[in-house]
Amino acid sequence: MATIELCDIAHTYEPDSDDPTFALKALNLVWKDGGTYALLGPSGCGKTTMLNIISGLIRSTRGKILFDGVDFSQLPTTKRNIAQVFQFPVIYTLMSVQENLEFPLVCRKIPKGERIRRVNEVAELLNLKDKLKRPARKLAADEKQLISLGRGLVRNDVSALLMDEPLTVIDPQLKFEIRRKLKQINEHYGLTMVYVTHDQNEAMTFADTIVVMNDGEVIQTGTPQELYNRPETSYVGYFIGSPAMNFIKCTLAGNQLQTAGGRIPVPAGMSIPANIQNLKIGIRPRHVQFTNSESAKAIKGQIQLVQEFGNARVATVGIKEEMMRVKLNYGAEVPTGDVWLALPEENLCVYADEKLVNRNR
Amino acid sequence: MALILQNIDIRENGVAHLDNINLMFSRGGLYTVLGRTLAGKTTLLRTIAGLQQPQKGTLMLHGSDYLQLPVWKRRVAMVYQQFINYPHLNVLANVAFPLRRAGVPRAEAHQRAREVLGKVGLTDFEKRRPAALSGGQQQRVALARALVKRAEILLLDEPLVNLDYKLREQLREDFQNIFEGQDDAIVVYTTTEPAEAIQLGHQMIIMDEGGIIQQGEPLAVFNAPATIRCAEIINDPPMNIFYGTIENGDIQLQGGIQLKVPAHMAHLPHGPYRFGLRAADLRLGSMIGSQVELSEISGSQTILHLRGDIGTFILYEEGVYQHAIGDTVQVDLNSNRIYSFSVDGDLIAGPAAAEAYRR
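Note that this is a predicted model, so its numbers are computed, not measured.

For the rest of this paragraph, the subject is unusual backbone geometry. Note that the residue after S242 of chain A, namely P243 of chain A, is joined by a cis bond; omega there is -5°. Position of P243 of chain A among the secondary structure elements: in the loop between α8 (234-239) and β11 (246-249). Residues D236 of chain B and P237 of chain B are joined by a peptide bond in cis, for which omega reads -5°. Tracing the backbone through its elements, the reader meets P237 of chain B in the loop between α8 (228-234) and β11 (240-247). Here D68 of chain A, not a glycine, exhibits a phi torsion of approximately 50°, which is positive. Mapping D68 of chain A onto the fold places it in the loop between β4 (62-67) and β5 (70-71). Here N275 of chain A, not a glycine, exhibits a phi torsion of approximately 60°, which is positive. In this fold, N275 of chain A is placed in the loop between β14 (262-265) and β15 (279-283). N275 of chain A sits in the exposed class, given 6 other C-beta atoms within 10 Å.

This part covers the interface of chain A and chain B. With 30 residues of chain A at the interface, the matching set in chain B holds 29 residues. At the level of secondary structure, the elements contributing two or more residues to the side of chain A that touches chain B comprise α5 (172-189), α6 (200-206), α7 (224-229) and β17 (298-308) of chain A. Broken down by element, the residue count for the side of chain A that touches chain B peaks at five residues, all from α5 of chain A.

What follows concerns the pairing of strand β18 (residues 312-319) of chain A. Residues and elements named next belong to chain A. Two elements, β17 and β18, share six bridges in a ladder whose sense is antiparallel. Its bridge partner being in β18, Q307 is matched across the sheet by V314. Hairpin connection, β17 to β18: the antiparallel pair is bridged by three residues, and G310 has positive phi, about 85°. One ladder, built from eight bridges, connects β18 with strand β19 (residues 322-329); its direction is antiparallel.

Moving on: the sheet that holds β14 of chain A. Residues and elements named next belong to chain A. Taking strand neighbours across the sheet as the criterion, the three strands line up as β12-β13-β14 in an open arrangement whose pairing is antiparallel. This sheet does not close on itself; its edge strands, each paired only once, are β12 (251-253) and β14. Shown here is a sheet whose adjacent strand axes are inclined to one another by a mean of 35°, direction ignored.

Basis of the calculations
- Residues numbered from 1 in each chain as written.
- Chains lettered and ligands numbered in written order.
- Predicted model: local features only at pLDDT ≥ 70, side-chain atom pairs only at ≥ 80, totals over all residues.
- Helix = DSSP H or I, 4+ residues; strand = E, 2+ residues; numbered from the N terminus.
- Buried ≥ 20, exposed ≤ 12 C-beta atoms within 10 Å, placed from the backbone.
- Contact = placed C-beta atoms within 7 Å.
- Pairing = 2+ DSSP bridges.
- Axes fitted to C-alpha atoms, helices over the stretch in contact; angles between N-to-C directions.

Okay, structure coming up:
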């Protein structure tokens, strides 16, 4: 078990260059003991680099890593007590499931009785118990991935489990089981778990805390709710949630926000800096409401399109040159022609130069 | 003018890959084929393209026998799950390739390729090699190469499955616009995702185990699924199914749960039924106790997998919430949205929206 701290970690793959490109720009992060974390971002954002720095497969150009306060930066992978699960299952094809799970313990010279006890415990947890005698290569992809995971879990010296897109090769119907297993493992063993993915749904389902990355930088760290309800940048608002957050340009006019569709009041407790050229309001499609008449908190638009998705209907509303999406339950009525949209104050975000304006609470 | 499949069968070792398929595709139509993996969707497309020969049945295009026409003479374009492009050619040359092969002069081929690249939003990328593009852009190149041929039949086999959800969302929007202009072609698009099939299709076909189990206008199929299997496939998460009976004006479900029979089911005789309710028609409330097996987040929704005396079921909340495994929650059922199926799984009665489509 361990708290992992990244202190001023930065990495470049071209250390000899005069003007190196940093795959990872200076960052500080603390991963608490027993927490579940997701590193989320598009390919090339630096998330795998970060994972490999933690496991020791890469030495970072700058900064250090602390495990429970002790500097591990110079230690080799074998000394770091970390288990890693990769995108594709890694199994010893000539061994049985039992031998696969036992192997890390054999390498560490654990006595036979203890080995069997631990393998049985892990096999029980992963539902591999009746398959222990079978050749590992004969198992389906999802079960092979469970073996990779199990080899990390049998060791009682493991303090953190790192996973790099572990569900890529798993059939959609089977993902449910593995997601559930991972959650149970976290509760059962109290392992610190770090999960790398480009898939928002994977990240939001798995982790208590999500680290959103883009272009070598951490953009926001927060719970799934925080990312959804209060995206700190417009990028996160776009990236998290479907359809994306709506953004409409506005200007500050006293204590009002002037949009192309009319004025709405500045939300309570929000102080918007003056003279910002790039000011926008942001609101989730789910939070926009059709309202009957002009009101102080509504803006005007025109229905352009209604799309059916089965479980939901999405109306696209034109607001002069811009547009807003409104998400409704299936079967809900959508008005036609000119409409007024209410933007509830508690759900309204304002972005100055693409960054969220904070509220005083 | 249409493509007509009659009694098409493909079997291997006793397993039906296509099971007595009868379909008519009209020119200008966009057909989505919805089904789980191994339902026969890809085999259907490969048969239309001529890559696979049926053991039985006929395939006619505009009145002439299409099965006799060799693959290379069929004016068919196909886009696959994997992005297939020529790695050594730049984007423009990739898209112009089929035209150049067909002997279209270079200038004209390039001009047509540029038009199509504009349509798929890649105008600024024509000089790049495929490897220097994102997954979504690579799939656009493959789509552009399919469009440039102006084929009579355009087949797309789960073209978005290998993209992450933001890109899928974007490309789905684009597809809708791109396909609108394909009035001379028959477009057939396979997917495992109900939302995609409903959003894109003019007509929708549900496949299962090699056969067609329902077809029609997407909203008609969504609102009035013919069987439990259809209801499971067309809903994501799948529709919840509960065993129960109607007795003395009440619906009795497992675990002693009792509901008033809603108006749309008032005419049903007493007896055993299977009841269907969409995950969106359950709410956190006070009626039924259950435990959280897993909470998943999909886009902007929280999907709760629950287990209680009533059985296992799924509830869907708009917005993002966290629930730990093992948490106890209380759930309400919206009885106005309940479907009733026979014990064998055929639709007997549904809510107003369902009945409107069945009439």
